[in-house]
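Each chain, letter by letter, is given below.
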Amino acid sequence: MTVATLAPDRTWIPACPSNRLAAERGVAVLLPDGRQAALFRTFYGELYAVDNIDPFSGAAVLSRGIVGDRAGEPTVASPMLKQVFALRTGACLDDPEVRLDTHPVRERGGVVEIAAAPDARTRT
Amino acid sequence: MRQLVVIGNGMVGHRLVEAVRDRDSAGAWHVVVLGEEPRPAYDRVALSSYFDGTTEEGLRLPDLTARDGVELRLGDPVVAVDRARRAVRTAGGSVLDYDALVLATGSSAFVPPVPGHDLPGCHVYRTIDDLEAITADARTATTGVVVGGGLLGLEAANALRLLGVEPHVVELAPWLMPAQVDEGGGALLGHLVTETGVTVHTGAGVAQVVPGADGRVARVRIGEGESAREIPAGIVVFAVGIRPRDQLARDAGLELGPRGGVAVDAACRTSDPAVYAVGECASIDGTVYGLLAPGNAMAEVAADRLLGGSATFPGADTSTKLKLLGVDVASFGDAHARTEGALEVVLNDAPGRRYAKLVVSDDAATLLGGVLVGDAAAYASLRPLVGRPLPGDPLDLIAPGRGDGGAGVGALPDDAQVCSCHAVTKGAITAAIAEGAADVPALKTCTKAGTGCGSCLPMLKSLLAESGVAQSSALCEHFPQSRAELMQIVLATGITGFTELITRYGRGRGCDVCKPAIASILATQGGHILDGEQAALQDTNDRFLANIQRNGTYSVVPRIPGGEITPDKLVVIGEVARDFGLYTKITGAQRIDMFGARVEQLPAIWRRLVDAGFESGHAYGKALRAVKSCVGTTWCRYGVQDSVALAVELELRYRGLRAPHKIKAGVSGCARECAEARGKDVGVIATENGWNLYVGGNGGFRPRHAELLVSDVDHDTLVRYIDRFLMFYIRTADRLQRTAAWMEAMDGGLDHLRAVVVEDSLGIAAELEAAMARHVAGYADEWRGVLDDPEKLARFVSFANAPDTPDPTITFGTEREQPVPAGPVSLGMPTTRPHHVEV
Ligand code: SRM
Ligand SMILES: Cc1cc2nc3c(=O)[nH]c(=O)nc-3n(C[C@H](O)[C@H](O)[C@H](O)COP(=O)(O)OP(=O)(O)OC[C@H]3O[C@@H](n4cnc5c(N)ncnc54)[C@H](O)[C@@H]3O)c2cc1C
Ligand code: SF4
Ligand code: FES
């Protein structure tokens, strides 16, 4: 699989049963190293995970943001001060200086799993 | 530096000083203003709104002393001008030298010398002092007579009505407002005014004011011969005309105009080149103008001249548009068709309660003037066309349904005046829009347009709408409709889900702007706000039924209706806060807020609260917040009604009501107003006879006092009007628009609102009441709904994979013996998209 070739030593963490992740209603996931991810399913069924900590406020709240899109790009808005982030890339669409880590996500046997470490591509 | 002395701190004197300061960047003039009235300049044109609840402060014009080099000396009138010495002397004995002098002494009300005209109980209608005296005398009067059926007289009649005095208006001419309207318009006007409860006596003069045994006004004798009769009157207001206050000028030997007033040339200079005169005390080209617009124009000319300019008086626009006693009246240009060969196009629609007349040139090509009664919406677009070619068939311009207020403004040339009060042209407004003024308040600030009589506001809106930069009413990139339009779509189609709505009427998957707005619209249709797809629309506050705090924890605010709470319930709050380690604070809205709850603690906290009889306080929602009360007749020695009972009742009635923005209310037991009801969206103040209802107030960023909607209504009427008011707001306001802003943006403002709510002018009152009845019947506590539903409860976890592990980033320190956020919180003032920071 392509996933294996890109990240051979990737560790997958079970996040929650598939039916607990409703469309456009995120959940927070605690990672083994104490970090947190915000995990989302879009209306069209795509899965995304980004860092749960809102870089603007320092609070771990992004999983509670509103999911939607900006010009077709799936997004989440921070519930704190409403900055909007692209779910695919983690980029903040309101501030080009800011980007969230993203985590690979997959669904296996009725469980949503998340990679323990962020995507190397977006690691900060 | 030279010294400029200005005599008179009325509207025009005020404008003159502003204009000098605006132009005098080099600081050539030190300005001293000497005013007779004890208070700084106020908006005399809006004087009557004093009876609608506007305060003296609300009427005040911008503070002149905030500008450099302006000195204001009030309450000390000038008694003499010594032109030889270039000095003035005040009643208090001060003597002031001047290099230039401006007379802005305005005019005084003319009182006809009929017998009894100076009895106690007789008044004029010009200053705040006059209004205070009228208010005091109105307390003991049941009927009152206003002498004079012109603009001022009708305003005075309305004032009496608002003060609970039954008004009679006596007018010598055969119809009301003879200066502005013609006979046909006057006939309809008389009819409409009579309907408002004013008794009109036209074609009758006042013969005598007759005293009673106590020496005060008791009756007014009107008419003569056969038709002589008497009207009982506890109060009399004279509003027959004005006389320029030219005595100082007369004493100083300055030339006067043919009908009084200080004679000035087109530069507003008197016969002494060091002395100018502006406003109602001046006679320019032999005419004394009793309106603000010509006065302001003179102020600008004189200011320009004082700074070496060469401006001349551009001539006066005496057009007027008024709303008197709820009746629209407008008159513009050659309203009486005095131009040679002028033709009239008249639409006299008595059943439709509208009269419209256009005066056109003999070839029917040019608009000369017109009169509108009953419906003056077309005024804004017609007035600037005066003297210009007619865009089409004149009848089309006044045809019913045509009066959109701003129509045709796009066709106007740039030099056409849009705001006549402040002489602002269409060009100046479009330039301001191009420079970034994006809404009406911005245009008001940078051009002054719309800050006088307000009749040009529809044009400002049209110009904004027509300019490329105008903001569209689209909710966001996902919905081209406004919130009000989406509300109508939901009501008409019965759509109950976001996906269906956005698929049929929008595009994409929504965002943090449209989702909460649509959640709020759908919430008005019933059901739990966290049901199914709805949950994904909510802001975090609504999603967790609590307010998010800076460190990601939440606050908990149980409802405490009217601020009334039993000791037992107080103990419960104390125990819950203690057991969960929450910070507690009494809020600004008479309830108690517990802070620092983690998301996974919320259900347990609410279980305890709900079991003790509490319910959600909706501090997290765009919904009814609290109804503040004072103690009223329950305890207070001044109370005249039971304000606590009413506050509790209203809070229970409207709890859970979702709205475009939060709604707050207050009920005070007497006019001392300890509940600060006039700072609320809905404010109720007890009177001896019932309740006064005020609407559209708020504190916050732009504090605004609520305005009086109706007075002295009984309990049931009050509740009915509040039902209608709130539902009308919910159905038609924009997203995040509080009632004050909604009313400000409403065409026709308070009068229109009153027509809809009180007179049911749109015929929707029954439907609004029914919608409210459905809300009241369908209300259920949102927190109880969550606690009773395992699926909803399951969402209140810290982590999907570790539901009970507290978020490790949340830590607390201690301040004044209470827990407060510590740890990695880096919030300051938001720097990006600050307009989004609303909860
Ligand atoms: C707790 C409280 C301060 C206090 O300790 O007293 C408070 C706290 C907040 N206010 Fe307030 N306001 C509180 C009373 C008020 C009052 C006073 C009142 O209600 O009598 C006002 C002015 C009156 C008014 O609203 O007209 C007030 C005007 C605002 C505004 C400005 C509204 C405006 O129209 O300009 C905001 C911002 C907004 O809503 O967009 C705001 C927003 C907020 C938010 C929601 C800000 C936020 O984004 O977190 C705060 C939430 C704290 C929380 O979690 O509870 N708060 N806020 C008060 C809660 C009252 C309650 O029991 O529900
Ligand atoms: C109830 C009401 C409604 C109105 N509605 C409208 C309307 O809808 N549209 C419109 O265009 N116009 C309206 N007007 C008229 C408008 O208010 C006046 O045209 C305008 O206020 C004139 O301004 P002014 O400065 O010339 O005079 P004023 O505003 O009268 O000011 C003159 C000031 O000079 C002071 N003064 C006089 N003598 C002395 C002295 N010797 N020393 C010191 N101070 C002195 C006076 O006390 C007064 O404060 C209305 C007027 C009233 C009363
Ligand atoms: S919104 Fe501002 S005023 Fe209100 S509680 Fe927060 S910090 Fe205080
Ligand atoms: S015309 Fe009166 S405010 Fe503009």
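Only a predicted model underlies this, so the values are computations on that prediction, with no experimental measurement involved.

Here we take up the overall build of chain A. Looking only at helices and strands, one finds one helix and 10 strands in chain A. Order of helices (α) and strands (β) in chain A, N terminus to C terminus: α-β-β-β-β-β-β-β-β-β-β. Burial analysis of chain A (124 residues in total) assigns 62% to the buried set. Sequence-distant contacts in chain A: of pairs separated by 6 or more residues, those separated by 24 or more amount to 39%. Element-wise, carbon and sulfur atoms account for 54% of the exposed surface of chain A, whose accessible area totals about 5100 Å².

Attention now moves to the nonpolar core. Burial of nonpolar side chains together is a common tendency in soluble globular proteins. All names here are of chain B. Counting 61 residues, the largest nonpolar core has Val684, Leu693 and Leu753 as the members making the most contacts within it. Each of domain 5 (483–538) and domain 6 (621–780) contributes no fewer than three residues to this core. In contact with leucine 753, not counting residues within four places along its chain, are Val695, Leu709, Phe725, Phe728, Trp742, Met743, Met746 and Val758. Membership of the second largest hydrophobic core comes to 54 residues, among which are Val33, Leu64, Val88 and Leu103.

Another point: the site of ligand 1. Surveying the vicinity of ligand 1 reveals 21 residues, the closest of which are B:Gln549, B:Ser555, B:Gly588, B:Arg591 and B:Gly699. Of the residues that constitute the shell around ligand 1, the class distribution is four nonpolar, nine polar and eight charged.

The interface of chain A with chain B comprises 43 residues on the first partner and 49 residues on the second. Both faces considered, chain A and chain B share a buried interface measuring about 3500 Å² in area, 52% of it formed by carbon and sulfur atoms. For the chain A face of the interface with chain B, the top three residues by lost area are A:Arg25, A:Arg64 and A:Ile66, together amounting to 22%. Taken together, the connections running from chain A to chain B amount to four salt bridges. Here B:Asp539 and A:Lys82 are joined by a salt bridge, their closest N and O atoms 3.3 Å apart. The tally of links between chain A and chain B comes to 15 residue pairs in polar contact (both at pLDDT 80 or more).

Turning our eyes to something else, we now look at the pattern of salt bridges. All names here are of chain B. A complete count under the given rule lists 55 salt bridges over all chains for this structure. In this structure, glutamate 230 and arginine 221 form a salt bridge, with 2.6 Å as the shortest nitrogen-oxygen distance. The class of glutamate 230 is partly exposed, set by a relative accessible area of 35%. Owing to a relative accessible area of 32%, arginine 221 belongs among the partly exposed residues under this scheme. By sharing partners, the salt bridges in this structure join Arg39, Glu56, Arg60, Asp129 and Glu132 into a single network.

Glancing now at the environment of B:Trp606. Tracing the backbone through its elements, the reader meets B:Trp606 in helix α18 (residues 602–611). Those residues in contact with B:Trp606 that sit more than four places away from it in its chain are B:Val556, B:Val557, B:Pro558, B:Glu615, B:Ser616, B:Gly617, B:Trp783 and B:Leu787.

Quick look at the packing of helix α1 (residues 11–23) of chain B against helix α7 (residues 292–306) of chain B now. Residues and elements named next belong to chain B. Contact pair α1 / α7: the axes reach a minimum separation of 8 Å and the direction vectors enclose 35°. Seen from above, α1 lies across α7 with right-handed handedness. Note on element contacts: α7 touches α1 through Leu292, Gly295, Asn296, Ala299, Glu300, Ala302, Ala303, Asp304 and Leu306, opposite Met11, Val12, Arg15, Leu16, Ala19, Val20 and Arg23. Taken together, the residues of the contact of α1 with α7 break down into 10 nonpolar, two polar and four charged.

Take the packing of aromatic side chains next. Under the counting rule described, the total for this entry stands at 15 aromatic pairs over all chains. On the basis of an interplanar angle of 65° and a centroid distance of 5.3 Å, the ring pair of B:Tyr729 and B:Trp742 is categorised as edge-to-face. Of the two residues, B:Tyr729 sits in helix α21 (residues 715–732) while B:Trp742 sits in helix α22 (residues 739–745), which places them 13 residues apart along the sequence. Classification of B:Trp742 by relative accessible area gives buried; the value is 5%. A ring pair is formed by B:Trp783 and B:Phe796, whose centres lie 5.3 Å apart and whose planes are at 50°; its orientation type is tilted. Highlighted residues: B:Trp783 in helix α25 (residues 782–787) and B:Phe796 in the loop between α26 (790–793) and β37 (811–815), separated in sequence by 13 residues. A residue is classified by how much of its surface remains accessible, and B:Phe796, at 4% relative accessible area, is buried. By the ring-pair criterion, three or more aromatic residues cluster together here, those being B:Phe544, B:Tyr554, B:Trp606, B:Trp783 and B:Phe796. The ring of B:Phe544 is capped by A:Arg64, whose NZ or CZ atom sits 5.9 Å from the centre of that ring.

Turning to helix α24 (residues 765–778) of chain B, a few remarks are in order. All names here are of chain B. In this model α24 runs 20 Å from its N-terminal to its C-terminal C-alpha over 14 residues, within 8% of the 20 Å that 1.5 Å per residue would give. Ala765, Leu768, Ala771, Met772 and His775 are the residues of α24 that are buried. For α24, the angular spread of buried residues about the axis comes to 130°, placing them on one side. Structural note: α24 exposes Ala766, Arg774, Ala777 and Gly778 on the side pointing more than 90 degrees away from its buried face.

This part is about unusual backbone geometry. All names here are of chain B. With phi around 70°, cysteine 268 is a residue other than glycine that occupies positive phi space. With respect to the element layout, cysteine 268 can be found in the loop between β18 (262–264) and β19 (275–277). Positive phi, close to 50°, is recorded for alanine 423, a residue that is not glycine. Structurally, the position occupied by alanine 423 is in the loop between β26 (417–419) and β27 (424–425).

This next bit is on the environment of A:Gly90. Residues and elements named next belong to chain A. By the secondary structure assignment, glycine 90 is in the loop between β7 (84–86) and β8 (102–103). Since its relative accessible area comes to 0%, glycine 90 is described here as buried. Taking the C-alpha atoms as reference points, glycine 90 and valine 76, separated by 14 residues in sequence, lie 9.5 Å from one another. In contact with glycine 90, not counting residues within four places along its chain, are Val50, Phe85, Val98, Arg99, Leu100 and Thr102.

Right, let's talk about the pairing of strand β5 (residues 87–90) of chain B for a bit. Residues and elements named next belong to chain B. In terms of strand pairing, strand β4 (residues 78–82) meets β5 through four bridges, oriented antiparallel. The residue bridging valine 78 from the neighbouring strand is threonine 90, located in β5. Linking β4 to β5, which pair antiparallel, is a turn of four residues; within it arginine 86 sits at a positive phi near 50°. Strand direction decides the pairing type here: β5 and strand β6 (residues 95–97), joined by three bridges, are antiparallel.

So, about the packing of α21(B) against α24(B). Residues and elements named next belong to chain B. With their axes 8 Å apart at the nearest point, α21 and α24 run at an angle of 90° to one another. The angle between α21 and α24 falls in the class roughly perpendicular. Contacts between α21 and α24 pair Arg720, Asp723, Arg724, Leu726, Met727, Phe728 and Arg731 from the former with Ala765, Glu767, Leu768, Glu769, Ala771, Met772 and Arg774 from the latter. The residue makeup of the contact of α21 with α24, split by class, is seven nonpolar, no polar and seven charged.

Cut-offs applied
Residues numbered from 1 in each chain as written. Chains lettered and ligands numbered in written order. Predicted model: local features only at pLDDT ≥ 70, side-chain atom pairs only at ≥ 80, totals over all residues. Heavy atoms only, no water. Helix = DSSP H or I, 4+ residues; strand = E, 2+ residues; numbered from the N terminus. Buried < 20%, exposed > 50% of the residue type's maximum accessible area, 1.4 Å probe, protein only. Contact = heavy atoms within 4.5 Å. Areas by Shrake-Rupley, 256 points an atom, 1.4 Å probe, with all protein chains shown as cover. Core = buried A, V, L, I, M, F, W, Y, C linked by side-chain atoms within 4.5 Å. Domains from an automatic or database assignment. Near = heavy atom within 4 Å. Nonpolar A, V, L, I, M, F, W, Y, C, P; charged D, E, K, R; others polar. Buried area = accessible area lost by both parts, 1.4 Å probe. Salt bridge = Lys/Arg side-chain N within 4 Å of Asp/Glu carboxyl O. Polar contact = N/O pair within 3.5 Å; in protein donor to acceptor, adjacent residues only side chain to side chain. Axes fitted to C-alpha atoms, helices over the stretch in contact; angles between N-to-C directions. Left-handed = near helix turned anticlockwise from the far one by under 90°. Phe/Tyr/Trp six-rings, centres within 6.5 Å; stacked < 30°, edge-to-face > 60°. Lys NZ or Arg CZ within 6 Å of the ring centre and 35° of its normal. Expected span 1.5 Å × (residues − 1). Arc of directions from axis to C-beta. Pairing = 2+ DSSP bridges. Parallel < 35°, antiparallel > 145°, perpendicular 65-115°, else oblique.

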